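Here is how the chains run, residue by residue.
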Amino acid sequence: MDQTASKATPDLDQLTIRQATQADLPALEWDGAFINYRRMYADIYQNTKSGKALMWVVEHLQAGIIGQAFVMLKSGEQSAADGRQRAYVFSFRVKPAWRNQGVGAYLMRFIEADLSQRGFQYVTLNVAKENPGALRLYRRLGYEVIGEHPGIWSYTDHKGRLRRVNEPAWRMAKKLNPSSQSD
Ligand SMILES: CC(C)(COP(=O)(O)OP(=O)(O)OC[C@H]1O[C@@H](n2cnc3c(N)ncnc32)[C@H](O)[C@@H]1OP(=O)(O)O)[C@@H](O)C(=O)NCCC(=O)NCCS
């Protein structure tokens, strides 16, 4: 990795991937950029307690949390996450200053290995049709487009207002390699 670049250049050894704690939730609002997701993140956190979801964060030794990805293990949408074979990755994000240096790929590979160890066989995700950069990264990581998704959903923001999202997406999936006992 080029240590002379002006951008922050993470040495992957300086990164820890761990599950978010309740105390991390404010940091996941990314200095206010995602304050509107406050209630949704609190709900997802509750789902981690009942074993339906995982919230992963990437922590840099000095900079703190620089990336995140959430996983639904079991959801109402069986084709995305059925609690047994399929798990759904969402809210995958790396802070702008830390992008294009392998952090996203590192986190996705970690999540795939973790899901494989939990016995899951497929990872599913949605990528907005207007996000060719993420689509390219997912393809490089071995994901294939398996269909389309209307991408229409809603959530209640931090002020209690219903927000509607309309983001047509590709549904992608990847078959995982079974983990060996020694993993
Ligand atoms: C999508 C996202 C999470 C990817 O994170 P990232 O840390 O930039 O991912 P990576 O660095 O692993 O890969 C991104 C690119 O950098 C390249 N790259 C990786 N390591 C690199 C390095 N050391 N030097 C230069 N380029 C590198 C990768 O090859 C990849 O290239 P590509 O765009 O041609 O596919 C990030 O761009 C992001 O947060 N975007 C906004 C939110 C978003 O769109 N999320 C996805 C929703 S579906």
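Residues numbered from 1 in each chain as written. Predicted model: local features only at pLDDT ≥ 70, side-chain atom pairs only at ≥ 80, totals over all residues. Heavy atoms only, no water.

**Student:** What's the story with the sheet that holds strand β2 (residues 53–60) in this structure? I'm lost.
**Tutor:** Strand pairing in a sheet relies on backbone hydrogen bonds, with the paired strands running either antiparallel or parallel. As summarised here, the arrangement of the seven strands in space is β1-β2-β3-β4-β5-β9-β6, forming an open sheet in which the pairing is mixed. Of all strands in the sheet, those bounded by a partner on one side alone are β1 (15–19) and β6 (144–149). Between one strand axis and the next, the sheet turns by 30° as a mean value, whatever way the strands run. Where β1 and β2 come together, five bridges link them in antiparallel fashion. Looking at β2, one finds that L15 is bridged to H60. Contacting β2, β3 (64–72) and β4 (86–94), helix α1 (residues 38–49) crosses the sheet at an angle of about 110° to β2. Contacts from helix α2 (residues 103–117) reach β1, β2, β3, β4, β5 (122–128) and β9 (169–175) within the one sheet, and its direction differs from that of β4 by about 160°. (Pairing = 2+ DSSP bridges. Helix = DSSP H or I, 4+ residues; strand = E, 2+ residues; numbered from the N terminus. Axes fitted to C-alpha atoms, helices over the stretch in contact; angles between N-to-C directions. Contact = heavy atoms within 4.5 Å.)

**Student:** When you look at the pairing of β3 in this model, what are you seeing that I'm missing?
**Tutor:** Along any regular strand, the residues point their side chains to alternate faces of the sheet. Across the nine residues that make up β3, a large majority, nine, are buried. As defined by bridge partners, β2 adjoins β3 across eight bridges and the pair is classed as antiparallel. Residue W56 lies in a different strand from β3, and its bridge partner there is A69. As consecutive antiparallel partners, β2 and β3 are separated by three residues. As paired strands, β3 and β4 are joined by five bridges and run antiparallel to one another. Bridging from a neighbouring strand, V71 pairs with V89 of β4. (Buried < 20%, exposed > 50% of the residue type's maximum accessible area, 1.4 Å probe, protein only.)

**Student:** Looking at this model, I keep getting lost on the site of the ligand. Mind explaining?
**Tutor:** Around the ligand, the surrounding shell holds 18 residues, and the nearest of these are F92, V94, G102, N131 and R140. G102 places a polar main-chain atom, nitrogen or oxygen, 2.7 Å from an oxygen atom of the ligand. Here an oxygen atom of the ligand and a backbone polar atom of G104 are 2.8 Å apart. Within the residue set of the shell around the ligand, elements represented by two or more residues are β4, α2 and α3 (132–140). If you tally residues by element for the shell around the ligand, the top one is α3, at five residues. A per-class count over the shell around the ligand returns eight nonpolar, six polar and four charged. (Near = heavy atom within 4 Å. Polar contact = N/O pair within 3.5 Å; in protein donor to acceptor, adjacent residues only side chain to side chain. Nonpolar A, V, L, I, M, F, W, Y, C, P; charged D, E, K, R; others polar.)

**Student:** I would appreciate a short explanation of α3 in the present structure.
**Tutor:** Spacing of three or four residues puts side chains on the same side of an α-helix, whose turn is 3.6 residues. By the burial criterion, the buried members of α3 are A134, L135 and Y138. Along the axis of α3, the buried positions cluster into a sector of 105°, meaning they face one direction only. Seen from the buried face of α3, the exposed residues on the opposite side, beyond 90 degrees, are P132, R136 and R140. Buried residues in α3 make contact with β4, α2, β5, β6 and β9. Where α3 ends, the next residue or the one after it, G142, has phi of about 100°, a positive value. (Arc of directions from axis to C-beta.)

**Student:** When you look at the nonpolar core in this model, what are you seeing that I'm missing?
**Tutor:** For soluble globular proteins, nonpolar side chains are generally found buried alongside one another. Ranked by size, the top nonpolar core spans 30 residues in total, and within it V71, I111, L115, Y138 and Y143 carry the most contacts. Of all the elements in the fold, those that place two or more residues in this core are β1, β2, β3, β4, α2, β5 and α3. The biggest single contributor to this core is α2, with six residues. Counting residues in each nonpolar core, the second largest holds 22 residues, with F34, F70, M72 and A80 among its members. (Core = buried A, V, L, I, M, F, W, Y, C linked by side-chain atoms within 4.5 Å.)

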